Amino acid sequence: MAKVSLVSLGCAKNLVDSEIMVGHLHQAGMSVVPDADQADVVIVNTCSFIDSSKEESIGHILEAHRQRGLRKRRGNQKLIVAGCMAQRFSKDLAVELHDEVDAFIGLDEVTRVAPIIEELLGRERAAGEAPVNLVQGRSTYIPDYDTPRFRLTPRHSAYLKIAEGCNHPCTFCIIPRIRGRHRSRTVESVVAEARQLVREGTREINLISQDTTFFGMDTWEDRPGPRSPVDSRRGTALTTLLRELNAIEGDFWIRLLYTHPAHWSDELIRTIAECPKVARYVDMPLQHISDRMLERMQRETSGSYIRDLIARIRAGIPGIAVRTTFIVGFPGENEADVDELAEFIRTTRFERLGVFRYSQEEGTRAAKMEEQIPVKTKEARWHRLMKLQRSIAGELAAAQVGRKLRVLVDEPGVARGEADAPDIDGRVYLPITAPVGDFVEVSITGSEEYDLLALPAGQSPSVRRTARQAQ
Ligand code: F3S
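As a convention, each chain's residues are numbered from 1 in the sequence order in which they are written. Confidence filtering applies because this is a predicted model: local features only for residues at pLDDT of at least 70, side-chain atom pairs given and counted only at 80 or more, and all residues used for totals across whole chains, interfaces and linings. Water and hydrogen atoms play no part in the side-chain values, which are based on all heavy atoms of the structure.

With that out of the way, let us pick up the site of the ligand. Nearness here has a simple test: a residue counts as near a molecule or strand if at least one of its heavy atoms is within 4 Å of that partner. The environment of the ligand is made up of G10, C11, N14, C47, S48, F49, C84, I175 and R179. Put simply, Ala, Val, Leu, Ile, Met, Phe, Trp, Tyr, Cys and Pro go in the nonpolar bin, Asp, Glu, Lys and Arg in the charged bin, and everything else, Gly too, in the polar bin. The residue inventory of the shell around the ligand, partitioned by class, reads five nonpolar, three polar and one charged.

The following block contains the structure:
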């Protein structure tokens with residue numbers, strides 16, 4: 001049976017696609033090996049979000065090809081390119097990477113990966129023959145609870161994709177053209193998968209999609225009546241889903257990632273406040289605060305809407321940590337826009353914040369806009385905001401000292417609290433080796449920039465020796 005090696009790049013949504021591919025490979029009796037050296041097939045699951053993601057993807061493809069050349073396996077080891085870059089650029093790449101790649105598969109082919117591999121391995125590629133291109137047009141696939149999947153995250157923390165695709169018109173983003181229109185799973189399907197995860201020992205379920213707050217709304221079109229996120233007749237909605245997930249027996253967190261601000265409602269705020277298993281954490285990319293920029297970005301929000309929403313979230317969900325991202329250097333951005341954004345960051349004091357430099361992406365409307373900002377200016381604006389946030393984050397972390405916190409142990413001596421999502425946020429360092437995957441009560445004893453130092457609750461600080469100090 002074939003041995004397959006897989007490199008997964010990009011975001012958590014792509015990682016779930018990789019997990020689905022691995023699940024199907026296992027189901028077909030194929031084995032997945034960590035070392036490409038032993039593999040009959042190498043799959044690179046690519047990202048195509050911005051230029052640097054494309055460069056990284058191309059780098060991995062070329063390296064995989066170079067390695068099989070070094071091992072003199074060219075010809076009998078197949079190289080498959082999957083994921084967002086294949087979905088978007090397979091026609092161009094089939095020409096540019098004619099010799100390097102054997103097949104391109106798109107987002108809708110993840111469940112067919114095993115028969116595709118069998119076919120590739122069963123035939124010789126003739127000299128000069130073009131790579132096989134199996135990428136369909138627009139992506140429409142969405143996994144279900146019974147889709148074979150092999151989790152690539154630690155046992156205690158899982159991503160659960162509740163919807164796929166995006167209907168937003170953001171002028172800087174290429175993802176809707178790659179991932180297609182928004183389509184939600186049913187509440188029943190998501191709950192069935194969550195129950196299974198909890199049975200398997202998962203302690204943190206990270207709900208993901210391109211826009212988690214739009215969950216279910218795509219199915220509302222067919223129903224009579226006005227379209228409103230507060231309409232309780234709407235059965236398929238994020239609030240319904242959260243309440244049903246919260247009712248599952250067990251000790252676990254539900255974490256909301258990728259929520260678009262336009263679809264928040266008071267009902268959602270109330271639901272999070274009333275559901276103790278939903279982490280006091282929201283990830284809500286805002287991208288800017290200046291009305292001029294929000295308009296040009298087509299974010300379907302305004303500065304006053306965002307300010308009011310954050311105030312309502314903070315008032316309605318005590319202790320909530322808000323994570324957001326901003327883009328600097330978007331076409332037409334001036335110093336007054338950046339001043340307004342800096343002042344907004346300074347006064348709002350986001351618990352978690354990332355800043356991106358705008359990237360001019362082929363195929364987006366923003367790429368064709370006039371007044372593109374020079375790289376140096378983008379860089380200076382990015383540094384200014386990052387410096388500001390670093391000091392805010394440091395103060396917020398220092399303010400945690402002396403508090404008690406419930407943390408989830410990720411690895412020996414390293415944990416995360418409710419306010420920290422996996423891979424993107426800070427960590428809590430512990431001097432003990434509590435079992436990985438356990439919740440532990442700790443007292444915060446110190447802070448280091450974005451991270452916290454802690455002791456098990458009740459232990460004296462005099463015996464403090466942090467995991468970092470011990471390393
Ligand atoms: Fe994710 Fe990159 Fe695709 S960010 S959705 S893997 S373009």
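We now examine the sheet that holds strand β11 (residues 253–256). Read from one edge to the other, the open sheet built from six strands follows the order β7-β10-β11-β12-β13-β14, with strand pairing classed as parallel. Of all the strands in the sheet, the pair left with one neighbour each is β7 (157–161) and β14 (352–357). Taken over all neighbouring pairs, the strand axes of this sheet differ in orientation by 20° on average, direction set aside. If DSSP finds at least two bridges between two strands, the strands pair. Where helices and strands are cited, they refer to DSSP runs of H or I of at least four residues and of E of at least two residues respectively, numbered from the N terminus. Note that β7 and strand β10 (residues 204–208) share five bridges and pair parallel. Across the sheet, residue S157 finds its bridge partner in β10, namely E204. Those strands touched by helix α6 (residues 187–199) are β7 and β10, and its axis lies near 170° from that of β7. Fitted lines through C-alpha atoms serve as axes, helices being fitted only where they are in contact, and the angles separating the N-to-C directions of these axes extend from 0 to 180 degrees. Here a residue-residue contact requires only that any non-hydrogen atoms of the pair lie within 4.5 Å.

Mapped onto the elements of the fold, G137 is located in the loop between β6 (132–133) and β7. In this structure the C-alpha to C-alpha distance between G137 and Q87, which are 50 residues apart in sequence, comes to 8.2 Å.

A few words now on the domain arrangement of the protein. Each domain's extent was defined by an automatic or database domain assignment. By the assigned domains, the protein splits into domain 1 (3–133), domain 2 (157–398) and domain 3 (404–470). Counting residues at the interface gives 17 residues for domain 1 and 17 residues for domain 2. Summed over both partners, buried area is the accessible surface (1.4 Å probe) that two parts give up on being assembled. Taken over both partners, the interface formed by domain 1 and domain 2 buries close to 1600 Å², and the fraction arising from carbon and sulfur atoms is 59%. Three residues stand out in domain 1 for area buried against domain 2, namely K13, F49 and R88, and they jointly supply 43% of the buried area on that side. We define a salt bridge as a side-chain nitrogen of Lys or Arg found within 4 Å of a carboxyl oxygen belonging to Asp or Glu. Remark: the boundary between domain 1 and domain 2 carries three salt bridges. Between R179 and D17 there is a salt bridge; the shortest N-O distance is 2.9 Å. Elements represented by at least two residues in the side of domain 1 that touches domain 2 include exactly α1 (12–27), α2 (51–70) and α3 (83–96). Here the side of domain 1 that touches domain 2 takes six residues from α1, the largest share from any one element. Classifying every residue of the side of domain 1 that touches domain 2 gives nine nonpolar, three polar and five charged.

It is worth spelling out the sheet that holds strand β17 (residues 428–429) at this point. In spatial order, the strands read β15-β16-β17-β19-β18; together these five strands close into a barrel with mixed pairing. In terms of strand pairing, strand β18 (residues 439–448) meets strand β19 (residues 451–456) through six bridges, oriented antiparallel. Bridging across to β19, S443 finds its partner in L455.

Running from N to C, α6 and helix α7 (residues 238–246) cross one another at 30°; their axes reach a closest spacing of 10 Å. As judged from the angle between their axes, α6 and α7 are roughly parallel. The interaxial crossing formed by α6 with α7 has right-handed handedness. Contacts between α6 and α7 involve V187, V190, V191 and A194 from the former and L241, E244 and L245 from the latter. Residue classes in the contact of α6 with α7 are distributed as six nonpolar, no polar and one charged. Roughly parallel covers angles under 35 degrees, roughly antiparallel covers those over 145, roughly perpendicular covers 65 to 115, and oblique covers all other angles. Crossing handedness: left-handed means the near helix sits turned counterclockwise from the far one by under a right angle, and right-handed means the same turn made clockwise.

Turning to the side chain of T301, a few remarks are in order. Turning to its location among the elements, T301 is positioned in the loop between α9 (291–297) and α10 (303–316). Under the relative-accessibility criterion, T301 is labelled buried at 12%. Dropping the residues within four chain positions of it, T301 is found in contact with P261, A262, L294 and I306. Buried residues are those whose accessible area, probed at 1.4 Å on protein chains only, stays under 20% of the maximum for their type, while exposed residues exceed 50% and partly exposed ones sit between those limits.

Notably, Q298 is not glycine yet its phi reads approximately 55°, a positive angle. Residue classification places Q298 among the partly exposed positions, given a relative accessible area of 32%. One non-glycine residue, R349, lies in positive phi territory at about 50°. Relative to the assigned elements, R349 resides in the loop between α11 (335–348) and β14.

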